[in-house]
Amino acid sequence: MRIADVRVTAIAFRDPPLLNVSGVHEPWALRSIIEVETDNGLVGLGESYGEDETLANLNAIAPTLVGLDPFDLNTLTRAVYARFGDEGDVQKTFPPQGDKARASALAAFEVAFLDLQGRLTGRPVYEILGGLARERVSYSAYLFYKFARHRDDPGYAPDPWGEALTHEQMVAQARRMVDLYGFGSIKLKAGVFEPDFEVETLRALREAFPGYPLRIDPNGGWTVETTRRLMPKFAGLLEYLEDPVNSLAEMGEVAKFSTHPLATNMVTIAFGHIPETVRLNAVQVILSDHHYWGGLRATQQLAHIGRVFGIGVSMHSNSHLGISLAAMTHVGAAIPNLAYACDTHYPWQEDEVIEGGKMRIENGSLAPPPGPGLGVTLDRRELARLHENWRTCGIRKRDDAKEMRKYQPDWSGRRPRF
Ligand code: GKR
Ligand code: MG
C-alpha cells in the first residue's frame, strides 16, 4: 500500500480580538489541513500554519510524496529537506540558526503519516509513539487581555468572553475558563500593559485562585532590566516565567538572577538552538510545539534531550483546531517527562473541522481521542466552509501589528516595549 494523493486545503476560522505584545489578533486565523490518502482509500490528517509561505512549501512537497510508504518517515524527511535544497542534511548537525520552515513542513506531513500508520494497524497514534505514559493530558487556562469585539465587526455579535482590560475582567475570564473546562493552572498572556499592571492582574488571579500554578508570558516584551526590577514581585506567584526577554543571550542574562524557572517558545525553537541554550543555562522549560519542532517524534526526542540536560518540557500553542489538539494530546500522552499543563488556544475557537464538533476538555485535561490513528475524521462540509472563509477573508499572513493600527494608528508592535 502506497500514498496515492496528498491534499493541502487552506482554511480560515473566526478568532477573537486577543491582545499580545505585537498587537491584536485579526478576525480570522489561518491554518492548513493536510490529507494524505493511500491507494486503499485511507486518509491520514495533519494541521499546520495557513500562511502563504507554508502553503507554498506544503503544496510543492505534496506531489513528491505520492508513491511513498506511510511508514517510511526517513524518505518523507528527505523529500521535505529536498524542497529546502538540503536533501543531504539529514545526516548533518542541525543548523545553529534553526530550521523552522523545513521542520514545520516535515511536521505537517509526519502527523498525517503517523495517523495513517495508526489507521493501517488499527492502533492509536500514542501506541505508535510508544504507548501511554498518562491517560489524560493536562492543559492550562490561557488568559488574554482582549477587546469586546473586533473593530471591523460592528454587526457581529460580541463573543461570549467579553472585554478583558481590567483585573476584575481578567479574573472573570479565568473563572469562565475554569468553570467551563476545569483547568487547574493558569497562564496570562502579557506584554500588553505596563508590567506592574500585569503583575497586579497576576495578584488578583492568585487571590481568586489560591493554589493554582500561574505563568506569565510577555513574549519578549520586557528588557533585562525591567525583568530584574520585576523579579522580587513574582515571589510566591509564579510556576515559571515565560519569555520575559527577546533573545537567547538575554534569557541567559535573566537566568543569572531569576528566582523562577524560565520557559520559552521563542528563543529555543529548534534542535540547533539547544547547544547554546545549554551553554548559557538560559532555559529551564522548553515549550515544545510539534508544528515547528518537526512533528510528534521530534517532540519526543526533544523531551528525551530535556532529560539529558535537566530541562523540563511542556507544550506551546497558537490558534488551532481539533486535528492539532488530537496530535498534541497523543504525543503528550506518550511523553513520560511532560511535567506541566500544556498551553492551548482551543477554548478561543468556535469553529471546528472534525466530525462531531469541538472536543471536550474536562477537568482541565483531555484523553487522546479513541480509535485508530489520531482518532478524528474530517468534516468535509466544515472543511469546505472554512476554505471558503479563507478564499474571501482577505488575510494571507498573520499581522497582529497591522490589526492593532486600526485601533491605535501609531502602533509599532516593536519589542521590547517595557
Ligand atoms: O496567540 O497572541 C497569541 C500568542 O501570543 C501566540 O502568538 C504565541 O505564539 O501563544 C504563544 C506563546 O505562548 O508565546
Ligand atoms: Mg509563549
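Residues numbered from 1 in each chain as written. Chains lettered and ligands numbered in written order. Predicted model: local features only at pLDDT ≥ 70, side-chain atom pairs only at ≥ 80, totals over all residues. Heavy atoms only, no water.

**Section: the pattern of salt bridges**
Counted only if it meets this: Salt bridge, as used here, is a side-chain nitrogen of Lys or Arg placed within 4 Å of a carboxyl oxygen of Asp or Glu. Each helix is a run of H or I in the DSSP string that is no shorter than four residues. Each strand is a run of E no shorter than two, and both are numbered from the N terminus.
Summed over the entire model, instances satisfying the criterion amount to 32 salt bridges. Between arginine 215 and glutamate 239 there is a salt bridge, and its shortest N-O distance comes to 2.6 Å. Residue arginine 215 is found in strand β7 (residues 214-217), and its partner glutamate 239 is found in the loop between α7 (224-230) and β8 (240-242); the two are separated by 24 residues along the sequence. Where arginine 279 meets glutamate 276, a salt bridge forms, and the shortest distance between an N and an O atom there is 2.9 Å. Of this pair, arginine 279 and glutamate 276 both sit in helix α9 (residues 274-280), three residues apart, which is roughly one turn of that helix. Within this structure, Lys187, Lys189, Arg215, Asp217, Glu239, Glu242 and Asp343 form a network of salt bridges that share partners.

**Structural notes on the coordination of the magnesium ion (ligand 2)**
Test applied: Donor selection uses N, O and S atoms within 2.8 Å of the metal (3.2 Å for Na, K and Ca). Since no water is included, sites may look incomplete. For the exposure calls, accessible area comes from a 1.4 Å probe over protein chains only, and a residue counts as buried if that area is under 20% of its type's maximum, exposed if over 50%, partly exposed in between.
Only Asp217 (OD), Glu242 (OE) and Asn265 (OD1) from the protein coordinate the magnesium ion (ligand 2), and they sit 2.0 to 2.2 Å from it. Read from N- to C-terminus, the donor residues coordinating the magnesium ion (ligand 2) fall into the pattern D-x24-E-x22-N. Highlighted residues: aspartate 217 in strand β7 and glutamate 242 in strand β8, separated in sequence by 25 residues. Both residues of the pair, aspartate 217 and glutamate 242, count as buried.

**A short note on the pairing of strand β3 (residues 43-49)**
Consecutive side chains along a regular strand alternate between the two faces of the sheet. Just so we agree on the cut-off: Strands are labelled as partners when DSSP assigns at least two bridges between them.
Counting buried residues along β3, seven of its seven residues qualify, which places the element largely inside the surrounding structure. As defined by bridge partners, strand β2 (residues 28-38) adjoins β3 across seven bridges and the pair is classed as antiparallel. Among the inter-strand pairings, glutamate 35 is bridged to a residue of β3, identified as leucine 45.

**As for the layout of surface pockets**
Cut-off, in case you're wondering: Method remark: on a 1 Å grid restricted to protein atoms, a set of points is classed as a cavity if a 1.4 Å probe fits but cannot get out and as a pocket if it is open with protein on both sides within 12 Å along at least five of seven lines; lining residues have an atom within 4 Å of a point. Grid points are joined across faces, edges and corners, and a volume is the space filled by probe spheres set on the points. Put simply, Ala, Val, Leu, Ile, Met, Phe, Trp, Tyr, Cys and Pro go in the nonpolar bin, Asp, Glu, Lys and Arg in the charged bin, and everything else, Gly too, in the polar bin. By convention here, the domain bounds are inherited from an automatic or database domain assignment.
Here the largest pocket defines a volume of roughly 1200 Å³. For the largest pocket, the lining is made up of 42 residues, of which Tyr49, Glu51, Lys100, Asn318 and Arg398 are closest to its centre. Looking at the lining of the largest pocket, the elements with two or more residues in it are β2, α1 (52-61), α3 (100-121), β5 (141-144) and α14 (400-404). Each residue belonging to the lining of the largest pocket can be placed in one class, and the counts come to 14 nonpolar, 15 polar and 13 charged. Looking at the lining of the largest pocket, you find at least three residues from each of domain 1 (3-128 + 381-392) and domain 2 (137-376). When its volume is computed, the second largest pocket comes out at roughly 390 Å³.

**A closer look at helix α8 (residues 248-257)**
How we decide: In what follows, a contact means two residues having at least one pair of non-hydrogen atoms within 4.5 Å.
Where α8 is concerned, the buried positions are Leu248, Met251, Gly252, Val254 and Phe257. Where α8 is buried, its residues touch α7, β9 (262-264) and α9.

**Considering the domain arrangement of the chain**
For the record, the criterion: Two N or O atoms form a polar contact when they lie within 3.5 Å of each other; inside protein one atom must be a possible hydrogen donor and the other a possible acceptor, and for residues adjacent in sequence the pair counts only when both atoms belong to side chains.
As assigned here, the chain comprises domain 1 (3-128 + 381-392) and domain 2 (137-376). For domain 1 versus domain 2, the separation of C-alpha centres amounts to 23 Å. Residue-level contacts link 49 residues of domain 1 with 55 residues of domain 2. The interface formed by domain 1 and domain 2 holds three salt bridges in total. A salt bridge links glutamate 110 to arginine 297; the shortest N-O distance between them is 3.4 Å. Linking domain 1 with domain 2 are 23 residue pairs in polar contact (both at pLDDT 80 or more), by the criterion used here. The set of elements that each furnish at least two residues to the side of domain 1 that touches domain 2 consists of β1 (3-14), β2, β3, α3, α4 (125-128) and α13 (380-393). Among the residues making up the side of domain 1 that touches domain 2, the classes are represented as 27 nonpolar, nine polar and 13 charged.

**With respect to the site of ligand 1**
Note the following rule: If even one non-hydrogen atom of a residue comes within 4 Å of a molecule or strand, that residue is called near it. Method for areas: the Shrake-Rupley scheme with a 1.4 Å probe, in which residue coverage is limited to the protein chains shown. Think of it this way: a molecule belongs to a cavity or pocket when more than half its atoms come within 2 Å of the grid points there.
Around ligand 1, the structure places 15 residues, and the nearest of them are Asn20, His25, Tyr142, Asn219 and His345. The contact in question runs from an oxygen atom of ligand 1 to an N or O atom on the side chain of tyrosine 142, over 2.3 Å. In this structure, serine 317 approaches ligand 1 through a main-chain N or O atom, which is 2.9 Å from an oxygen atom. Burial of ligand 1 by the surrounding chains reaches 92%, relative to a free accessible area of 350 Å². The cavity where ligand 1 resides is the largest pocket. Residue assignment for the shell around ligand 1 shows that the elements contributing at least two residues are β5 and β6 (186-189). Of the residues contributing to the shell around ligand 1, the split by class is two nonpolar, eight polar and five charged.

**Some details on the packing of aromatic side chains**
Here is the rule: Put simply, two rings from Phe, Tyr or Trp (the six-membered ring, in Trp's case) pair if the centres are within 6.5 Å, and we call them stacked under 30 degrees between planes, edge-to-face over 60, tilted for the rest. The criterion is that NZ of a Lys, or CZ of an Arg, lies within 6 Å of the ring centre and within 35 degrees of the ring normal, and then a charge sits over that ring.
Within this structure, the stated rule accounts for 13 aromatic pairs. Ring centres of tryptophan 222 and phenylalanine 234 lie 6.2 Å apart, and the angle between their planes is 15 degrees; this geometry places the pair in the stacked category. Here phenylalanine 234 lies in the loop between α7 and β8 and tryptophan 222 lies in the loop between β7 and α7, a separation of twelve residues in the sequence. Across the pair, exposure class does not vary: tryptophan 222 and phenylalanine 234 are buried alike. Of the aromatic side chains, those joined through ring pairs into one cluster are Tyr142, Phe144, Trp161 and Trp348. Above the face of the tyrosine 292 ring, lysine 100 is positioned so that its terminal group lies 4.9 Å from the ring centre. When the ring centre of tryptophan 390 is taken as origin, the NZ or CZ atom of arginine 396, which lies over that ring, is 3.9 Å away.

**Notes on the nonpolar core**
Put simply, the rule reads: In these notes, a set of buried Ala, Val, Leu, Ile, Met, Phe, Trp, Tyr and Cys residues joined through side-chain atoms within 4.5 Å is what counts as a nonpolar core.
Phe109 and Phe234 are the most contacted members of the largest nonpolar core, which totals 126 residues. The dominant element in this core, judged by the number of residues it contributes, is α3, at nine residues. Counting contributing residues, this core receives three or more from each of domain 1 (3-128 + 381-392) and domain 2 (137-376). The residues touching phenylalanine 109, leaving out its near neighbours within four places in the chain, are Val6, Ile34, Val36, Leu58, Ile61, Ala62, Leu65, Leu76 and Val80.

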